[in-house]
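# What the coordinates show
Spelled out from the first residue to the last, the chains are:
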Amino acid sequence: MIYLDNAATTRTAPEVVEAMLPYFTESYGNASTVYEFGAKSREAVSQARERIAKAIGAKENEVYFTAGGSESDNWAIKAAAEAYKAKGNHIITSKIEHHAVLHTCQWLEQNGFEVTYLDVDEFGVVKLEELKKAIRPTTILITIMFANNEIGTIEPVAEIGRIAKEHGILFHTDAVQAFGHVPIDVDACSIDMMSASGHKLNGPKGIGFLYIRKGVKIRSFIHGGAQERKRRAGTENVPGIVGFGKAAELALADMEERTSRESKLRDYMIGRVLKEIPFARVNGDRKNRLPNNVNICFQFVEGESLLIMLDMKGICASSGSACTSGSLDPSHVLLAIGLPHEIAHGSLRLTLGGDTTKEDIDYTIETIKEIVAQLREMSPLYEDYMKSTK
């Protein structure tokens, strides 16, 4: 099997599993208890929090553990809307956000809030001038992702944060795809809140965090006990937190070397595909993109058929977000960058990991070439096009 869907989830690193195991069977105490056995768990949680805070230039008491990126997004957006509704009811986001953000904003629209969905350019980059024009006296929150989960484009987060700060508006970024893959400094980017998830960087599933800058006044999202300094109730997922902390430590330690290697493989793959397969186009910014992301549309090809045939050849890939894998609709991200439905339907997302080799890439490219040729032979649209060009 060749696994090229690391944007959907990653293999949990052996070192992460090893770090987690004692907190299932040996040091299994509840981190909220007062006795020494529970204190071991509490200390492990504190150490993980410290590692994650270090990775983004934050303070330890600004990191709150959640069940994942979607919960973190929901918490940041809904709680900020509630906390600052006396100031205003307007929120700004973009048309290419993850559905955890888009659906949350749509829910708020049903509850009295107004949301502006910014356009992006052909590469998926938020237009800063449109952002400035969209700001109103009633704007209380800007939520723009750090990097797109489908096409890999990295947004101008530092500039967005500066604009938000100049206008006294909270800035939240969904960094689920970026954390552990590109450097992030919350102060340099003027980020007030940031979401991330463990399973995108070789950590465990079911664990995430929300960074909340000190002074940002948002309430609890889950009510109950006094965990997470009374802001997120529920018994701490100690093994998950420990695993996330270890994954963050590992990602930070080898980020430069790993991302350099992945970027070279990414560019090699894109270059070969565009050169060797006609009627193919790369989606997203060619330079400002995640180091492991390849997203390409093949004209006259149906993406789902391509995925099924790749799977039969032992290659795991996707056509977009894993959260929409059951949908027959074309990607909202590809439509937002201006692609027509018929081309957006032929998208393929390949996301590399630390285990991906050049041999994997070469085999995948040759397989894609064969499959695309087969599918086009069966396409009446392709046949009509070729006849019209003769």
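This text follows the structure it describes.
Residues numbered from 1 in each chain as written. Predicted model: local features only at pLDDT ≥ 70, side-chain atom pairs only at ≥ 80, totals over all residues. Heavy atoms only, no water.

### Quick look at unusual backbone geometry
Even without being a glycine, Ser-190 presents a positive backbone phi close to 55°. If you trace the backbone, Ser-190 turns up in the loop between strand S6 (170–174) and strand S7 (193–197). Its relative accessible area of 15% is what places Ser-190 among the buried residues. Of note, the phi angle at Lys-230 is positive, near 70°, even though the residue is not glycine. (Helix = DSSP H or I, 4+ residues; strand = E, 2+ residues; numbered from the N terminus. Buried < 20%, exposed > 50% of the residue type's maximum accessible area, 1.4 Å probe, protein only.)

### Observations regarding the sheet that holds strand S12 (residues 347–351)
Read across the open sheet, the three strands follow the order S9-S10-S12; overall the sheet is antiparallel. The sheet is open, and its two edges are formed by strand S9 (280–282) and S12, each paired on a single side. Taken over all neighbouring pairs, the strand axes of this sheet differ in orientation by 25° on average, direction set aside. With five bridges connecting them, strand S10 (residues 293–298) and S12 associate as antiparallel partners. Residue pairing for S12: Cys-297 is matched across the bridge by Ser-347. Packed on one face of the sheet, helix H9 (residues 238–276) meets S9, S10 and S12 and runs near 10° to S10. (Pairing = 2+ DSSP bridges. Axes fitted to C-alpha atoms, helices over the stretch in contact; angles between N-to-C directions. Contact = heavy atoms within 4.5 Å.)

### What to know about the environment of Ile-361
For Ile-361, the position within the fold is in helix H13 (residues 358–377). Overall, the relative accessible area of 0% leaves Ile-361 in the buried class. Put simply, Ile-361 and Tyr-268 are 93 residues apart on the chain and 8.6 Å apart in space, counted from C-alpha to C-alpha. Residues in contact with Ile-361, not counting those within four places in the same chain, are Leu-265, Tyr-268, Met-269, Leu-352 and Thr-356.

### A few points about a nonpolar patch on the surface
On the surface, a nonpolar cluster with roughly 280 Å² of combined accessible area is contributed by Val-17, Leu-21 and Phe-24. With respect to the helices and strands, Phe-24 occurs in helix H2 (residues 22–25). (Patch = residues over 30% accessible without salt bridge, like charges linked within 9 Å, V, L, I, M, F, W, Y side chains within 5 Å. Areas by Shrake-Rupley, 256 points an atom, 1.4 Å probe, with all protein chains shown as cover. Salt bridge = Lys/Arg side-chain N within 4 Å of Asp/Glu carboxyl O.)

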